[in-house]
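Residues per chain, in single letters:
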Amino acid sequence: MIIGVLAVQGDFAEHIAILKELGVETQEVRLPHQLKGLDGLIMPGGESTTLSRLMTIYELREPVRAMAARGKAIWGTCAGMVMMASEITEQDPVPLEIMDIGVLRNAFGRQVDSFEQDLPVVGLDDPPYHAVFIRAPVITRVGEQVQVLASLPDGRPVAVQQGQLLATSFHPELTSDTRLHRRFLDLTSWASSGQKA
Ligand code: GLN
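This write-up is about the structure you can find in this document.

The rules we used
- Residues numbered from 1 in each chain as written.
- Predicted model: local features only at pLDDT ≥ 70, side-chain atom pairs only at ≥ 80, totals over all residues.
- Heavy atoms only, no water.
- Pairing = 2+ DSSP bridges.
- Helix = DSSP H or I, 4+ residues; strand = E, 2+ residues; numbered from the N terminus.
- Core = buried A, V, L, I, M, F, W, Y, C linked by side-chain atoms within 4.5 Å.
- Buried < 20%, exposed > 50% of the residue type's maximum accessible area, 1.4 Å probe, protein only.
- Contact = heavy atoms within 4.5 Å.

### Digging into the sheet that holds strand β5 (residues 87-88)
Two strands in a sheet stick together by hydrogen bonds in their backbones, pointing the same way (parallel) or opposite ways (antiparallel).
For step 1, the next point in the chain: Taken together, the three strands give an open sheet; going across it, the order is β5-β6-β9, and neighbouring strands pair in mixed fashion. Of all the strands in the sheet, just β5 and β9 (138-142) have a single pairing partner and so form its edges.
For step 2, the next point in the chain: Where β5 meets strand β6 (residues 101-104), two bridges bridge the pair, whose relative direction is parallel. From the neighbouring strand, E87 faces β6, where its bridge partner is G102.

Okay, structure coming up:
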């Protein structure tokens, strides 16, 4: 199995370190040809306006959208989740529209722009997942095909799945808990086995 990590900006190195720890082959993705032969793709956190611009410049938008359409597993974390959305509350960045969710950027204001929260996650056993939020987005709308995996105590969703697509507002690559990365690898195997033609 080869997992690509979008490496144009943000904390791609941390995702790669966890995947390596789990014994998975990885590929840094900066150009479209580096998407070939991948089983899954992670889009990391960072700054979504920059991510959006660089994806346009490096002509990565259409190939990543095509990957999603072919049924490949894709996981967006934080700014990467913003890129997954079908709509966001601002005009910039321009999301890829591959997941049926609405997203609000920087949803927690300046005072609490970073915080940590223990979250129960659907499909993960105890203990709850220790989630790190950094100037995080929240999900404002979920489509009918979207399952909410985790929400904040006030009910706002922060982890969602739609088929082989996963999105989290927080940063699983910044903790030593590898459960969500392992879950994404399971999702990738499942998606690869039922690959659409
Ligand atoms: N606030 C950033 C954005 O909207 C996301 C922050 C992050 O990825 N940690 O692009």
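### Concerning the nonpolar core
For step 1, the next point in the chain: L119, F133, V158, F170 and F184 are the most contacted members of the largest nonpolar core, which totals 33 residues.
For step 2, the next point in the chain: When residues of this core are traced back to their parent elements, those giving at least two are β1 (2-6), α1 (12-21), β4 (73-77), β7 (114-119), β8 (129-134), β10 (147-151), β11 (157-162) and α5 (179-193).
For step 3, the next point in the chain: Residues in contact with F170, not counting those within four places in the same chain, are T77, C78, L119, Y129, A131, V132, F133, V158, A159 and L180.
For step 4, the next point in the chain: Membership of the second largest hydrophobic core comes to 32 residues, among which are L51, I74, M81 and I98.

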